[in-house]
Amino acid sequence: MTTQENIIYLDYHSTTPVDSRVAEKVMYYMTTAFDNANSVDHGYGNQAAQAVKQARQKIAELINTSPKEIIFTSGATESINLAIQGHINQQNTPATIIVSPVEHKAVLDTCQALAKKRLAKIIWLNVNQQAQIDLEHLEKVCSGGASGASLLCVMAANNEVGTIYPVQKIGAIAQKYNIPFLCDASQAVGKIPINFQEWSITYLAISGHKLYAPKGVGALVVKKGDYLEPLIYGGGHQEGLRSGTLNVPGIAGLREACQLRRLEMEVDETAIALLRDQLQSLLQAEIPNLLVNGDLNNRLSGNLHISIPDIPNSAIIARVRHQLAISTGAACSSGIVAPSHVLQAMNLGENIIEGALRIGLGKFTTKEEIEKASSVIVSAVNEIHQLL
Ligand code: PLP
């Protein structure tokens, strides 16, 4: 996808463009069927309520859950906060949370905020250099020191290096020790199959803007019978668990996006993986010391995370940014750029971390863009080499 400024967009992990078929639905529910889904005194509310009901159905079909288990939120960050805080806040004793160190900041910062208030203690899981969870260590942690742990947090797919986690196996371990399991599936839903009901997941976070729906809409799937303390109080919407007038246009967009993903995911992701492999080969042919990070056998099809040791990623970004939208993956908050916590947890060398670049392909990426992207990156590398 090339933007108005002719910059090739290869940052699909950060966000995705809204599919025009999704945008049409969003527009319809903003301008024509603009009703409040909770208005009961006139017919206007019916269409909106119907759209919300259908959205629950379509999301449920994509991830095999019951429509009744779906709560709409503003996105995965809110879903994750609701799951973690809502779960921990209902307990009287300090909680123990088992957390993977390569989770998104939405999980890490929420757990750390609770730890700071002494409401929770964190037990960190071990990950290897591919960002994979050590399942033996997980089992040991669940069965031993942390027996009676309050919550386990492991994502379905990593937003930096694209590693896909064995969610079914992780869920089975959590279930064996009776530990509720939060799975942040923001990068996974609509890209790989997810089975909420059969994989022993207690809470699953979904983000609309990672699957070609708009920003500002998402969902938390909550296992039937589970109780969460609300974070937002108000009109008692969504059975009191998340008050606030429903974002019907966003929810209708999420419905359409989930339906399209269910129908098109397999074909799209196969094509995306082919393009990703092609880009990887083109770069490897021209940059002999190029490293590909992550778990190459279990990787999101749109993910290509590379390091060019001894060339700082900032030097590459400075040279390609007017032609390519790719990312260093580093967190930038309050103007301070910090090295990626994911790459640090993977225990990669400093020069590999400093040379890391995240390239994210999506369903609008073309072969021409991949060829152009490769030549732009290779030229930047050659230019830097000449200066060294
Ligand atoms: N979790 C993961 C793995 C993500 O990649 C993101 C987005 O960057 C989030 C959570 C937060 O999602 P949202 O932007 O919907 O709040």
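These numbers come from a predicted model, not from an experiment.

Caption draft 1: Inspection of the domain arrangement of the chain at higher detail. By the assigned domains, the chain splits into domain 1 (4-17 + 264-387) and domain 2 (20-260). Computed from C-alpha atoms alone, the centre-to-centre distance between domain 1 and domain 2 is 28 Å. With both chains or domains summed, domain 1 and domain 2 bury close to 2,700 Å², and 52% of this area falls on carbon and sulfur atoms. Looking only at domain 1, the three residues that lose the most surface to domain 2 are Met 265, Leu 300 and His 341, adding up to 23% of its buried area. Connecting domain 1 to domain 2 are 1 salt bridge.

Caption draft 2: Layout of the packing of helix 2 (residues 44-63) against helix 7 (residues 248-286). The geometry of helix 2 relative to helix 7 is characterised by a closest axis approach of 8 Å and an angle of 30° between their N-to-C directions. Judged by the twist between their axes, the crossing of helix 2 over helix 7 is left-handed. Two secondary-structure elements touch here, helix 2 through Ala 48, Ala 51, Val 52, Gln 54, Ala 55, Lys 58, Ile 59, Glu 61 and Leu 62 and helix 7 through Val 248, Ile 251, Leu 254, Arg 255, Cys 258, Gln 259, Arg 261 and Arg 262.

Caption draft 3: Fine view of the nonpolar core. Phe 72, Leu 152 and Leu 204 are the most contacted members of the largest nonpolar core, which has 72 residues in total. Top contributing element to this core by residue count: helix 2, with 8 residues. Taken domain by domain, this core gets at least three of its residues from each of domain 1 (4-17 + 264-387) and domain 2 (20-260). Other than its neighbours up to four places away in sequence, Leu 152 contacts Ile 98, Leu 125, Leu 138, Ile 170, Ala 174, Ile 179, Pro 180, Phe 181 and Leu 182. Formed by 30 residues, the second largest nonpolar core is a distinct cluster that contains Leu 10, Ile 311, Val 378 and Val 381.

Caption draft 4: Molecular detail of the sheet that holds strand 10 (residues 303-307). Strand order across the open sheet formed by 3 strands is 9-10-14, with antiparallel pairing between neighbours. With partners counted over all chains shown, the strands left at the sheet margins are strand 9 (291-292) and strand 14 (356-360), one partner each. Pairing of strand 9 with strand 10 involves 2 bridges; the strand directions are antiparallel. Its bridge partner being in strand 10, Leu 291 is matched across the sheet by Ser 307. The sheet strands contacting helix 7 are strand 9, strand 10 and strand 14, and the helix crosses strand 10 at an angle near 20°.

Caption draft 5: View of the sheet that holds strand 6 (residues 181-184). Overall, mixed pairing links the 7 strands, which are arranged 2-8-7-6-5-3-4 in an open sheet. Only two strands of the sheet have a single neighbouring strand rather than two, namely strand 2 (70-73) and strand 4 (120-124). In this sheet, neighbouring strand axes are inclined to one another by 20° on average, regardless of whether the strands run parallel or antiparallel. Bridging between strand 3 (residues 95-99) and strand 5 (residues 151-153) involves 3 bridges; their strand directions are parallel. When the bridges of strand 5 are listed, Ile 97 appears paired with Leu 151.

Analysis parameters
Residues numbered from 1 in each chain as written. Predicted model: local features only at pLDDT ≥ 70, side-chain atom pairs only at ≥ 80, totals over all residues. Heavy atoms only, no water. Domains from an automatic or database assignment. Buried area = accessible area lost by both parts, 1.4 Å probe. Salt bridge = Lys/Arg side-chain N within 4 Å of Asp/Glu carboxyl O. Axes fitted to C-alpha atoms, helices over the stretch in contact; angles between N-to-C directions. Helix = DSSP H or I, 4+ residues; strand = E, 2+ residues; numbered from the N terminus. Left-handed = near helix turned anticlockwise from the far one by under 90°. Contact = heavy atoms within 4.5 Å. Core = buried A, V, L, I, M, F, W, Y, C linked by side-chain atoms within 4.5 Å. Buried < 20%, exposed > 50% of the residue type's maximum accessible area, 1.4 Å probe, protein only. Pairing = 2+ DSSP bridges.

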